[in-house]
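What follows is the residue order along each chain.
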Amino acid sequence: NGRPVYHILSNGYKDFREYLLVIVAKLKGIIGPKINETILIFDRGGYGKDFLKKLSPQVSFICWQLGKNPVPDNAVWTEVILTHQGNEYAHEKNIIVKATERITGKKQKCEREIWIEKDGKISPAYSNDKKRKLPELVKILLARWGCQENVFKPLKEMGIDKISSYEVNEYP
């Protein structure tokens, strides 16, 4: 449902993918075998084909892709209606997006390239999830930002996004 189970606050100097491996290890410790029912949702900072091949056997995931990925010529678009959380709590609205996908790989290794179109802009995503249908994956990916990112806007006013690891020395 888009609610975080575990997250890390850090100084941001490490590659985001290093944190993803830590999160997956912690999730396995917290939820055990239910890790197979969980889907990890993250931004482009975690994208990288080699990294995702390493992550894939451990957990199902969906993330935005880096760069442009051309939509297949034979794409069949599916309309997806979702409730999107606005910038304030309880400010929800229905939005309509279109999505298409290309599935490659064998039964054990599923690769899903996904394209989501909203207001003429097409954004590519990538998943290894074998169980969920395309509309559900699109809703999961898009809901993550409304549920989690918008809560940070008021926190920024309190300095939550400041780099906390700068050491300050007072000089006379």
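Keep in mind it's a predicted model, so treat the numbers as computed, not measured.

Reading guide: rules and limits
Residues numbered from 1 in each chain as written. Predicted model: local features only at pLDDT ≥ 70, side-chain atom pairs only at ≥ 80, totals over all residues. Heavy atoms only, no water. Helix = DSSP H or I, 4+ residues; strand = E, 2+ residues; numbered from the N terminus. Buried < 20%, exposed > 50% of the residue type's maximum accessible area, 1.4 Å probe, protein only. Contact = heavy atoms within 4.5 Å. Core = buried A, V, L, I, M, F, W, Y, C linked by side-chain atoms within 4.5 Å. Phe/Tyr/Trp six-rings, centres within 6.5 Å; stacked < 30°, edge-to-face > 60°. Lys NZ or Arg CZ within 6 Å of the ring centre and 35° of its normal. Expected span 1.5 Å × (residues − 1). Arc of directions from axis to C-beta. Polar contact = N/O pair within 3.5 Å; in protein donor to acceptor, adjacent residues only side chain to side chain. Salt bridge = Lys/Arg side-chain N within 4 Å of Asp/Glu carboxyl O. Right-handed = clockwise from strand over helix to strand, strands pointing away.

### A few points about the overall build of the protein
At step 1: Along the backbone of the protein there are 4 helices and 6 strands.
At step 2: Of the regular secondary structure in the protein, the N- to C-terminal order runs α-β-α-β-β-β-β-β-α-α.
At step 3: Evaluated residue by residue, the protein yields a buried proportion of 35% over its 172 residues.
At step 4: Relative to all contacts within the protein whose residues are 6 or more apart in sequence, the contacts with residues 24 or more apart total 46%.

### Looking at the nonpolar core
At step 1: Counting 18 residues, the largest nonpolar core has Ile62, Val97, Ile114, Ile116, Val138, Leu141 and Leu142 as its most contacted members.
At step 2: The element best represented in this core is helix α3 (residues 134-149), accounting for 6 residues.
At step 3: Not counting residues up to four positions away in its chain, the partners in contact with Ile62 are Ile39, Leu40, Ile41, Phe42, Ile114, Tyr126, Ser127, Leu137 and Leu141.

### Details of the packing of aromatic side chains
At step 1: Considering all chains together, one arrives at 4 aromatic pairs under this definition.
At step 2: Ring geometry for Phe42 versus Phe61: centroids 6.0 Å apart, planes at 40 degrees, classification tilted. One end of the pair, Phe42, is in strand β1 (residues 39-42); the other, Phe61, is in strand β2 (residues 60-64), with 19 residues separating them in the sequence. Judged on exposure class, the residue Phe42 and its partner Phe61 are both buried.
At step 3: The rings of Phe16, Phe42, Tyr47, Phe61 and Tyr126 are connected pair by pair, giving a single aromatic cluster.
At step 4: The residue whose ring lies beneath Lys98 is Trp77, and the NZ or CZ to ring-centre distance is 5.9 Å.

### Some remarks on helix α1 (residues 16-31)
At step 1: The end-to-end C-alpha distance of α1, which contains 16 residues, comes to 22 Å, matching closely the 22 Å that a straight helix rising 1.5 Å per residue would cover.
At step 2: Along α1, the residues that are buried comprise Tyr19, Leu20, Ile23, Val24 and Leu27. Projection of α1 onto a plane perpendicular to its axis shows the buried side chains occupying an angular sector of 145 degrees, all on one side. Across from the buried face of α1, at angles greater than 90 degrees, the exposed residues are Ala25 and Gly29.
At step 3: Of the surrounding elements, those touching the buried residues of α1 are β1 and α2 (49-55).
At step 4: Among the residues of α1, the N-terminal cap falls to Asp15, whose side-chain oxygen and the backbone nitrogen of Arg17 are separated by 2.9 Å.

### Examining the pattern of salt bridges
Where charged atoms of side chains with opposite charge meet at close range, the side chains can pair.
At step 1: Under the defined criterion, the tally for this structure stands at 7 salt bridges.
At step 2: Taking the shortest distance from any N to any O, the salt bridge between Asp119 and Lys118 comes out at 3.3 Å.
At step 3: Residue class for Asp119 comes out exposed when judged on its relative accessible area of 71%.
At step 4: Bridged by salt links that share partners, the residues Asp129, Arg132 and Glu136 form one connected network.

### Some words on unusual backbone geometry
Peptide bonds are mostly trans, and most non-glycine residues show a negative phi.
At step 1: The phi dihedral of Asp119 is positive, around 55 degrees, even though this residue is not glycine.
At step 2: One can find Asp119 in the loop between β5 (111-118) and β6 (121-127).

### Considering the pairing of β1
At step 1: Side chains Ile39 and Ile41 project from β1 onto one buried face, and the interleaved Leu40 and Phe42 project onto a second face that is buried too.
At step 2: For the segment spanning β1, α2 and β2, crossover handedness is right-handed.

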